[in-house]
Amino acid sequence: MKRIAYLLLALVALTGALVYMAHASGRSDEEADPIFGIKIPPGYRDWKLISVAHEEGNLNDLRALLGNDTAIKAYRDGKLPFPDGTIIARLAWSYVPSEENNKAFGRAQSFVAGPVTNVQFMVKDSKKYAATGGWGFAQFKDGKPDATAAPKTCFPCHEPAKARDFVFTQYAP
Amino acid sequence: MRRFTFFLTAVATMAGLVILIAPDPGRADGQPAPFVTEIPHGYRDWRWISSAHEAGKLNSLGAVLGNDIAFNAWRDGKLPFPDGSIIAALHYSNVPSDENNKVFGQAQSFVPGPPTNVQFMVKDSIKYAATGGWGFGHFADGKPGDAAFMKSCFPCHEKTKGSDLVFTRYAP
């Protein structure tokens, strides 16, 4: 009897977990990026803020860096390297002037997030991604993995930041 | 030690009495509009709404965060924001990142420098009725802005009446 109760409990828990996962990811047919096999992590838009940034030039974007709980904790504790399970999300939008804000300020000074450009992820798994510093890299545009060569260029560019475990962004207090 | 404890108790009691006796500034007629005088607890853990860069004199890089009530209202596109909404605007000086620029091979990357201030909007349609239901707060180095400065918040935010006095839009 006790055994059946355990089994039932386990089943309920499992069903719950599955329902939650299906709900959290929204769609189950999401594509993984072809190089590192990374899918868009469910719920990343709810993660806490690490920092923001603005890139000029060709990129001309406004960004936000969000981290899952493992990432945020490592940042706040100032602990390097980031532990396995860390995921950092980099969201970017085109950098556009805000006419509404400028009207209120009485001058052109305000730049805000325009249309989404892409979203990138760094996923820490020191075994799976041993060849690239323990990090898997992925870029998604309109929910689809970037099939161009872009992901191959990630690691060489992040390598100069080796002293901070290949992560450029620092925590904004 | 005992005397000190007694003293502390006395101070606490006095403070409690003063709070009880003091009229609610929000409801007193002819009183200046009340502002947010305490930094909301745990705001740095709130979810992120959007980023912005103010050029010119401000030259700041900002992040706007919202507590759950504010965040959900934004995401659901519901206006006005319900009571209990709190919006935090974290401002940093906009500084070039030498490290990033070296990697990119050109000067293009701007990141948050030292924090300049944190501002809050707290929705309480009764307490802050005189300022569109929003209480405004401004803290630099943890210290609130003076009354003269705080008076400038509402007139400027009033220009965005169509979005309940809030400039920032949710970035998907």
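1. Topic: the overall build of chain B
- Broken down by element type, chain B carries 5 helices and 6 strands.
- For chain B, the α and β elements follow one another from N to C terminus as α-β-β-α-β-α-β-β-β-α-α.
- By residue count, 35% of the 172 residues in chain B fall in the buried class.
- Here the contacts in chain B between residues at least 6 apart in sequence split such that 49% fall between residues at least 24 apart.

2. Overview of the overall build of chain A
- When its secondary structure is counted, chain A shows 4 helices and 6 strands.
- If you list the helices and strands of chain A from N to C, you get α-β-β-α-β-α-β-β-β-α.
- In chain A, which comprises 173 residues, the proportion classed as buried is 36%.
- Considering only residue pairs separated by 6 or more positions, chain A has 46% of its internal contacts joining residues 24 or more positions apart.

3. Here's the deal with the confidence of the model for chain A
Residues and elements named next belong to chain A.
- Averaged over all residues, the pLDDT of chain A is 86; the fraction at 70 or higher stands at 81%.
- Per-element mean pLDDT across chain A ranges from 55 in helix α1 (residues 2-25) up to 98 in helix α2 (residues 69-77).
- Note that pLDDT drops below 50 for residues 21-28; the model gives that stretch 5 contacts with residues more than four away or on any other chain.

4. Quick word on the interface of chain B and chain A
- Every contact between the two is made by 30 residues of chain B and, on the other side, 31 residues of chain A.
- Put simply, the parts of the chain that give the side of chain B that touches chain A at least two residues each are β1 (47-54), β2 (60-66), α3 (98-104) and β4 (109-123) of chain B.
- Here the residues of the side of chain B that touches chain A are counted per class, giving 17 nonpolar, 9 polar and 4 charged.
- The pairing of strand β4 (residues 110-124) of chain A with β1 of chain B spans 3 bridges and is antiparallel. In the sheet register, Ser110 of chain A faces β1 of chain B, and the bridge partner there is Glu54 of chain B.

5. With respect to the environment of Arg107 of chain A
- Take Arg107 of chain A: it is sitting in the loop between α3 (99-105) and β4.
- Leave out the neighbours within four places in its chain, and Arg107 of chain A touches Asn102 of chain A together with Gly56 of chain B.

6. Observations concerning α2 of chain A
Residue and element names in this part refer to chain A.
- For α2, every residue scored as buried is listed here: Ala71, Ile72, Ala74 and Tyr75. Each buried residue of α2 sits inside an arc of 165 degrees when the element is viewed along its axis, so together they form one side. Counted as exposed and oriented over 90 degrees from the buried face of α2: Asp69 and Asp77.
- Among the structural elements, β1 (48-55), β2 (61-67) and β3 (87-97) are those in contact with the buried residues of α2.
- Just beyond α2, the residue with positive phi is Gly78, at close to 65 degrees.

7. What about the nonpolar core?
- Counting 75 residues, the largest nonpolar core has Leu66 of chain A together with Leu65, Ile87 and Ala88 of chain B as its most contacted members.
- Those residues within four positions of Ile87 of chain B in sequence are excluded, and the remaining contacts are Val64, Gly66, Ala70, Phe120, Met121 and Val166 of chain B.

8. Some points on unusual backbone geometry
- Of note, the amide linkage connecting Leu80 of chain A to Pro81 of chain A takes the cis form, showing an omega dihedral of -5 degrees.
- Its location among the elements puts Pro81 of chain A in the loop between α2 and β3.
- A cis amide bond, omega -5 degrees, links Leu79 of chain B with the succeeding residue Pro80 of chain B.
- Within the fold, Pro80 of chain B resides in the loop between α2 (68-76) and β3 (86-96).
- Positioned with a positive phi, Asn60 of chain A is a non-glycine residue whose angle comes to about 40 degrees.
- You can see Asn60 of chain A is positioned in the loop between β1 and β2.
- With 16 C-beta atoms packed within 10 Å, Asn60 of chain A lands in the partly exposed category.
- Of note in this structure, Asp142 of chain A is not a glycine but carries a positive phi near 55 degrees.

9. Quick word on the pairing of β2 of chain A
Residues and elements named next belong to chain A.
- With 7 of its 7 residues buried, β2 lies for the most part within the structure.
- Both faces of β2 are covered, namely the face carrying Asp61, Arg63, Leu65 and Gly67 and the face carrying Leu62, Ala64 and Leu66.
- Across 7 bridges, β1 lies against β2 in antiparallel orientation. Along β2, the bridge assignment pairs Ser51 with Leu65.
- Taken together, the 7 bridges between β2 and β3 define a ladder with antiparallel strand orientation. Paired with Ala64 across the two strands is Leu91, which belongs to β3.

10. Some points on the environment of Arg90 of chain A
Residue and element names in this part refer to chain A.
- Tracing the chain through its elements places Arg90 in strand β3.
- On the basis of neighbour count, Arg90 is assigned to the partly exposed category, with 18 C-beta atoms found within 10 Å.
- As a C-alpha pair, Arg90 and Leu65 span 25 residues in sequence and 4.6 Å in three-dimensional space.
- When near neighbours in sequence (up to four residues on either side) are disregarded, Arg90 contacts Arg63, Leu65, Val119 and Gln120.

11. Some details on the environment of Tyr75 of chain A
Residue and element names in this part refer to chain A.
- Looking at the secondary structure, you find Tyr75 in helix α2.
- Tyr75 sits in the buried class, given 23 other C-beta atoms within 10 Å.
- Here the alpha-carbon distance between Tyr75 and Gly43, two residues 32 residues apart in the chain, equals 20 Å.
- Each residue touching Tyr75, except ones within four places of it in the same chain, is listed here: Ile50, Gly67 and Tyr171.

Criteria and thresholds
- Residues numbered from 1 in each chain as written.
- Chains lettered and ligands numbered in written order.
- Predicted model: local features only at pLDDT ≥ 70, side-chain atom pairs only at ≥ 80, totals over all residues.
- Helix = DSSP H or I, 4+ residues; strand = E, 2+ residues; numbered from the N terminus.
- Buried ≥ 20, exposed ≤ 12 C-beta atoms within 10 Å, placed from the backbone.
- Contact = placed C-beta atoms within 7 Å.
- pLDDT = per-residue confidence, 0-100.
- Nonpolar A, V, L, I, M, F, W, Y, C, P; charged D, E, K, R; others polar.
- Pairing = 2+ DSSP bridges.
- Arc of directions from axis to C-beta.
- Core = buried A, V, L, I, M, F, W, Y, C linked by C-beta atoms within 7 Å.

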